[in-house]
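Structural overview for review
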Protein chains: 4
Amino acid sequence: MKSKYSIGILGATGAVGQRFIQLLENHPWFEVTWLAASDRSSGKPYAEACKWRLGTPLPERIARMTVSPAEPEGAPKIIFAALDAAIAREMEPKFADAGCAVVSNSSAYRMAANVPLVIPEINADHLHLIEEQPSRRDSGGYMVTNPNCSTIGLVMALKPIEERFGIEQIFAATMQAVSGAGYLGVPSMDILGNVIPYIASEEEKMEAETLKLLGRLEGHTVTPLSAKVTAHCNRVAVEDGHTESVSIKLKRPARREEILAAWAEFRPLAGQDLPTAPDQPIEWTPQPDRPQPRLDRNRGNGMAVTVGRLRPCGVLDWKFTVLSHNTIRGAAGAAILNAELLASLGKLELVGAAAAHA
Amino acid sequence: MKSKYSIGILGATGAVGQRFIQLLENHPWFEVTWLAASDRSSGKPYAEACKWRLGTPLPERIARMTVSPAEPEGAPKIIFAALDAAIAREMEPKFADAGCAVVSNSSAYRMAANVPLVIPEINADHLHLIEEQPSRRDSGGYMVTNPNCSTIGLVMALKPIEERFGIEQIFAATMQAVSGAGYLGVPSMDILGNVIPYIASEEEKMEAETLKLLGRLEGHTVTPLSAKVTAHCNRVAVEDGHTESVSIKLKRPARREEILAAWAEFRPLAGQDLPTAPDQPIEWTPQPDRPQPRLDRNRGNGMAVTVGRLRPCGVLDWKFTVLSHNTIRGAAGAAILNAELLASLGKLELVGAAAAHA
Amino acid sequence: MKSKYSIGILGATGAVGQRFIQLLENHPWFEVTWLAASDRSSGKPYAEACKWRLGTPLPERIARMTVSPAEPEGAPKIIFAALDAAIAREMEPKFADAGCAVVSNSSAYRMAANVPLVIPEINADHLHLIEEQPSRRDSGGYMVTNPNCSTIGLVMALKPIEERFGIEQIFAATMQAVSGAGYLGVPSMDILGNVIPYIASEEEKMEAETLKLLGRLEGHTVTPLSAKVTAHCNRVAVEDGHTESVSIKLKRPARREEILAAWAEFRPLAGQDLPTAPDQPIEWTPQPDRPQPRLDRNRGNGMAVTVGRLRPCGVLDWKFTVLSHNTIRGAAGAAILNAELLASLGKLELVGAAAAHA
Amino acid sequence: MKSKYSIGILGATGAVGQRFIQLLENHPWFEVTWLAASDRSSGKPYAEACKWRLGTPLPERIARMTVSPAEPEGAPKIIFAALDAAIAREMEPKFADAGCAVVSNSSAYRMAANVPLVIPEINADHLHLIEEQPSRRDSGGYMVTNPNCSTIGLVMALKPIEERFGIEQIFAATMQAVSGAGYLGVPSMDILGNVIPYIASEEEKMEAETLKLLGRLEGHTVTPLSAKVTAHCNRVAVEDGHTESVSIKLKRPARREEILAAWAEFRPLAGQDLPTAPDQPIEWTPQPDRPQPRLDRNRGNGMAVTVGRLRPCGVLDWKFTVLSHNTIRGAAGAAILNAELLASLGKLELVGAAAAHA
């Protein structure tokens, strides 16, 4: 793999867009060559268009790049999209129709029947859905999505258990970080010394996405997992890292050590050398008071999910706590890992109409 | 009721002890005449022994009172106890044996078979258990307890539903304020920008106390409610106010309006004129993002419990959010309301050996 | 004073507008009869137009009031204005020209030569400037302003010292609460676990206003205090209450007890019975680690200013800490106290053109 | 430099001790071979003795090391000391007398006439003071200290200005992170939504240390800088990173660009290849609202100091904001850099009595 893939970022100035830039700096396979944002930013140097909010410096090369209009013309053929759902709904198909691989973090098309909703460790085979997309036949382009930031930690923790014991019921109560709402998403007057027991549409997303991700690809479609699921979503005064209290009912009984073993042995990407994939995607914390967002969110460079406090549940079978970094594993890192998987499967060798200079 | 009852406070310098003082200032029935704390504080003026941490001023009269040793000699016969469990285990029986009514906020004896665990709105009849205590026959003294701060909001929200529809399963995930752990309980380095998914023994207390409170007094004992219950207890960066995500399974089906009506009509203390009882013990918030600790914890002077977000649960039947002020309704206010109930029942007219000056 | 003054609020849905409503509920002299806000809110019931964010309930009567357009027609003749500066610049003169007394919290006209910038305890005599306003002659209407939330605590602490010893140099570094910026003013991602060492235009306002407030009315104009002043303004993760580190250089030497006495004896409104004026406008805290926003901001119902930590300064003469509640003493309460002063001086008995129904 | 220096850590389980371990992992010159803590921890594996609180994993090798008693016997000859002042006062001379180089973060001996208080970029020549210590002659051992966490950022920002223009007066108001007080130092109930305008002894340390650091070594002693200095120290709800509002009066006038140049060109360690020294020790932020602790504390791996907001001061000459990471540049990193400087000067080639196995 001599030369790198050219990468474009849609929504490059937002919180997730910034994470894309941060995580792609020095990426061995991908190189950011194109940045797009709203009309307001278009034509400006990125450093000027963007209020950089991360604790690592904005790379010099990126700072000087000019923000492009959000149009497929001139864009590279691999696009990371970090758009609000309403804008994504309109714009992502345009890029797919123009021959781009759109690797999206938006919720707009996650539940569409012919759009794969993928976590590489969980359901890489669902990627076959891209072949069901009309744009794939017409221009080679397609859309792939990753789940909501609150879904991803949960599903990672559930998958190894589901494989071995089956899952019938899932209860999750979240305590979500403010960064999940974007830079302006949560006013400080709402969250200082407070809890907001509501995030618009979040519970519905979390419930539906979980079942699709754990579902089975059958022919041209994914049959969701047949399980009951309920989510309570709360916002707390945490910068990064979503913590979740989870209870589950299994199909077949499992002992504590068996669940711990399922997590420890869950390494479905081992040997695939995807640069962003953590060695140990699920890390177990034996301490009674972990995982905690400040201490555990950066495990595996923010791509590992941490589980702890496994204990019997008085209502269902087992209960535990799961934590994941919401803007890395739960957003930008998730999309990048999806793109790495696509690259390793040869799905990024596109010959698209619009992607001339890539 | 011409003259006021003389009140003593055990553990007067701690966080709950301070709340007792704050809430009893200008109380129409009770007057604090005796303050006790650890040996370290004994003999000092209260203002010097205590690091007052509340946002209202320390009353002048209290500031000048001398802290007494924590011994029944010289103590009044009504004692509010705000002690750590280990100390309470030893000390509370001493005061009961000496003829005092010990109205305790400690967990030490909550689950003892002959000690009532009471919320006046929920299970006032359980107070009959005091007649099962040996001290009651010997000296007239007895112990009464109120529940854990995380239990009390939950049980308030459940009781009206249990009465009308029966409850079979209870799931609760808490987001608890730091004040619940006492002044030194949570280091700032543990909670700033963080969640601690663990509070020692809290889940066990919450599960057991909930069933005892909703249980039935039968002869000389309380039979706990026969329901499954599970709790996930978490600490968040909130000063005061515990928020809980709750799901429940009912025995008999209930429509949304029926549950709302059960809450709205739940006024079991109406007409009893207990000074600390809120007019509307359960307040409903129709807004989608409420209740919130900062905005709702002070309803009913901190004694009302707020419920919101009632919606169907994908696993059990219904889910909702409940909020209560953990150091008022969940601690000092709970004990004061218990004492008011005891007064109204004539149970404070003690003639105890040690309670000479009361 | 049989019937109450009818009061209108401009900018009624914002953070300061809500405080006006909260503080005016049950006010003995004033009654809110008219609420105005932006076009978006106009015509809606207040409860619907406003996202009520205070910890006390929105009064029922207010909740049902219809929001009026922000025009003088139909408005009462006494207007509390809580508008952004840009809007205030346009709108406040319209109301003054229409015969209203505009009691403003905005910065738009604070430094105008013929507009009084007043704290009743400090410079009530500056109110004479209203007679310099053209609208006063034409319609009877006028504008009066109160200072910036960061200025007011500082000036209260300085005034008694200035009177007795003179002040030559003032150094203030602030740690300001987020509520000072309004509901959407500070994104949580900016302030959780963080300090923002900048508030746009705040230092300039604080420096200029301090000197005007401590200045002398001479004929038709105010000569600012001749002193050097510098401000460093910072935003911190506090909900309410501005804390300031202050150093001062005096004209004449003062001993510690003399400064404490100056503060203790500073009661310029004693005997005037203004309902919102605190008995003790400057409260001293002897504890070494006070004042603190959470513990001291509500002294005097949020209208007292708290000082502590008076000690020698290695560069100037003395240094100390001052704290004030930024949305009560620093905003809505300040305007209400100004209006009470105007009422007591007979300046609210307006006969203005537009103020028909007042 | 083939083999690494053996390093011991006194106070290894505390907050600064943990930082030492984190920063020394993979250090090219130093290797931790000995850990000591209080009697309570002695004899236990480090992982068990220590509640690891950092966001990077505890290194496996360290986790398994046994905690030694805090005695010179068996200790290596280079000791990083992270002890409370009272304990340090007793213990550090013991290790120096036994022939160790004690590189201390404690305040105990910082102001002692024969103990160097050093920041390598500022006053490396002060290290000559170790030759004035009796232990140096007797056993070869000595003590070297680094300044208080609040001093270090200030002095770094002042030094280049002092060199070029002279400084006569210094005003600093700090907003300090909770980690500066150690793990249990600040209860969450004190700091959530709050400011504590007091840190015991901090202002005195900051004032005295600043003048010693900027002082001149003359013969056997350091003459402190002859300047006036005053500090206001405040604690805020920040995890890591001290922010300071600073005003200064210069001896000779300086233009804005001259000060910026002084900071930019300040690279006194260039070419010395000390592993922990940042390339650019003072980084300037042109944005109006920077530096901020969350965004800027990790510059230069936590060893760079960030300055911003340089503007004229209404009382002195210039004012600006400075930020530094309090447990890296302000504590553990400071000591490590001091040790690197000592190594480069050949001062770690000790032949001490107790340091047998080093």
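Here the structure is a predicted model, which is why all the values come from computation and not from measurement.

1. Focus: the overall build of chain A
Tallying secondary structure elements over chain A gives 12 helices and 13 strands in all. Relative to its length of 358 residues, chain A is compact, with a C-alpha radius of gyration of 20 Å against a globular reference of 21 Å. Along the first, second and third principal axes, the C-alpha atoms of chain A reach 60 × 50 × 35 Å. In chain A, buried positions account for 61% of the 358 residues. Residue pairs at least 24 apart in sequence account for 74% of intrachain contacts in chain A once pairs closer than 6 positions are excluded.

2. Considerations on the interface of chain A and chain B
Contact residues are listed per partner, giving 34 residues for chain A and 34 residues for chain B. Broken down by secondary-structure element, the contributors of at least two residues to the side of chain A that touches chain B are strand 6 (167–176), strand 9 (228–235), strand 10 (242–250), helix 11 (293–296) and strand 13 (318–324) of chain A. In terms of residue count, the dominant contributor to the side of chain A that touches chain B is strand 9 of chain A (five residues). Of the residues that constitute the side of chain A that touches chain B, the class distribution is 15 nonpolar, 12 polar and seven charged.

3. Considering the environment of Thr13(C)
All names here are of chain C. With respect to the secondary-structure elements, Thr 13 resides in the loop between strand 1 (5–10) and helix 1 (15–24). In this structure, the C-alpha to C-alpha distance between Thr 13 and Glu 209, residues 196 residues apart in sequence, is 27 Å. Residues contacting Thr 13, with those up to four places away along its chain left out, are Ala 37, Ser 41, Ala 49 and Cys 50.

4. Thoughts on the sheet that holds strand 4 (residues 101–104) of chain B
Residues and elements named next belong to chain B. Here five strands make up an open sheet; going across it, the order is 2-1-3-4-5 and the pairing parallel. The open sheet has two edge strands, strand 2 (30–36) and strand 5 (142–145), and neither has a second partner. Each neighbouring strand pair of the sheet contributes to a mean axis angle of 25°, computed without reference to strand direction. The sheet contact formed by strand 1 (residues 5–10) and strand 2 spans six bridges and is parallel. Bridging across to strand 2, Ile 7 finds its partner in Val 32. This element, helix 4 (residues 85–97), spans strand 1, strand 3 (78–81), strand 4 and strand 5 of the sheet and lies at about 150° to strand 4. Together, strand 1, strand 2, strand 3, strand 4 and strand 5 form the strand contacts of helix 12 (residues 328–344), whose direction differs from that of strand 4 by roughly 145°.

5. Things to note about the domain arrangement of chain A
How big an interface is tends to be expressed through the accessible area that disappears when the partners come together. Residue and element names in this part refer to chain A. By the assigned domains, chain A splits into domain 1 (5–148 + 332–344) and domain 2 (149–325). Here the C-alpha centroids of domain 1 and domain 2 sit 24 Å apart. With 30 residues of domain 1 at the contact, the number on the domain 2 side is 30 residues. When contributions to the side of domain 1 that touches domain 2 are tallied by element, the ones reaching two or more residues are helix 5 (120–123) and helix 12 (328–344). Examining the composition of the side of domain 1 that touches domain 2, we find that seven residues originate from one element, helix 12, more than from any other.

6. Focus: the environment of Ile152(C)
All names here are of chain C. Residue position: Ile 152 is located in helix 7 (residues 149–165). Taking the C-alpha atoms as reference points, Ile 152 and Arg 256, separated by 104 residues in sequence, lie 23 Å from one another. If near-sequence neighbours (up to four positions away) are discounted, Ile 152 is found in contact with Ile 119, Pro 147, Ser 324, Arg 329, Gly 330 and Ala 334.

7. Here's the deal with the relation of the copies chain C and chain B
By a simple turn and slide, chain C fits onto chain B: the slide is 0.1 Å along the axis, the RMSD is 0.0 Å, and the turn is 180°. Overall, the copies show the geometry of a two-fold rotation axis. If distances are taken from each C-alpha of chain C to the rotation axis, the shortest is found for Gly193(C), at 3.3 Å. Looking at chain C, 100% of its interface residues are interface residues in chain B too, so the copies touch through the same face.

8. Description of the interface of chain C and chain B
Chain C puts seven residues into the contact, and the matching count from chain B is seven residues. Residue classes in the side of chain C that touches chain B are distributed as two nonpolar, three polar and two charged.

9. Side note on the nonpolar core
Within soluble globular proteins, side chains that are nonpolar tend to cluster in buried spots. Counting residues in hydrophobic clusters, the biggest one holds 204 residues, and the most contacted among them are Ile9(A), Ile79(A), Ile9(B) and Ile79(B). Here Ile79(B) is in contact with Gly8(B), Leu10(B), Phe95(B), Cys100(B), Ala101(B), Val102(B) and Val103(B), once residues within four sequence places are set aside. Ala81(C), Trp263(C), Ala304(C) and Leu24(D) belong to the second largest nonpolar core, which has 203 residues in total.

10. Some remarks on unusual backbone geometry
Most of the time, phi is negative for any residue but glycine, and the peptide bond is trans. For the peptide bond that leads from Arg290(B) to Pro291(B), omega is 0°, which places it in the cis range. Within the secondary structure layout, Pro291(B) lies in the loop between strand 11 (282–285) and helix 11 (293–296). The backbone of Asn301(B) sits at a positive phi, close to 55°, despite the residue not being glycine. As for its placement among the helices and strands, Asn301(B) is situated in the loop between helix 11 and strand 12 (305–312). Note on Asn301(B): 13 C-beta atoms within 10 Å, which makes it partly exposed. One non-glycine residue, Arg309(C), lies in positive phi territory at about 55°. Here Arg309(C) is to be found in strand 12 (residues 305–312). Assessed through the 21 C-beta atoms surrounding it within 10 Å, Arg309(C) is described here as buried.

Each value, and the rule that gives it
Residues numbered from 1 in each chain as written. Chains lettered and ligands numbered in written order. Predicted model: local features only at pLDDT ≥ 70, side-chain atom pairs only at ≥ 80, totals over all residues. Helix = DSSP H or I, 4+ residues; strand = E, 2+ residues; numbered from the N terminus. Rg over C-alpha atoms; globule rule 2.2 N^0.38 Å. Buried ≥ 20, exposed ≤ 12 C-beta atoms within 10 Å, placed from the backbone. Contact = placed C-beta atoms within 7 Å. Nonpolar A, V, L, I, M, F, W, Y, C, P; charged D, E, K, R; others polar. Pairing = 2+ DSSP bridges. Axes fitted to C-alpha atoms, helices over the stretch in contact; angles between N-to-C directions. Domains from an automatic or database assignment. Least-squares fit on C-alpha atoms with pLDDT ≥ 70 in both. Core = buried A, V, L, I, M, F, W, Y, C linked by C-beta atoms within 7 Å.

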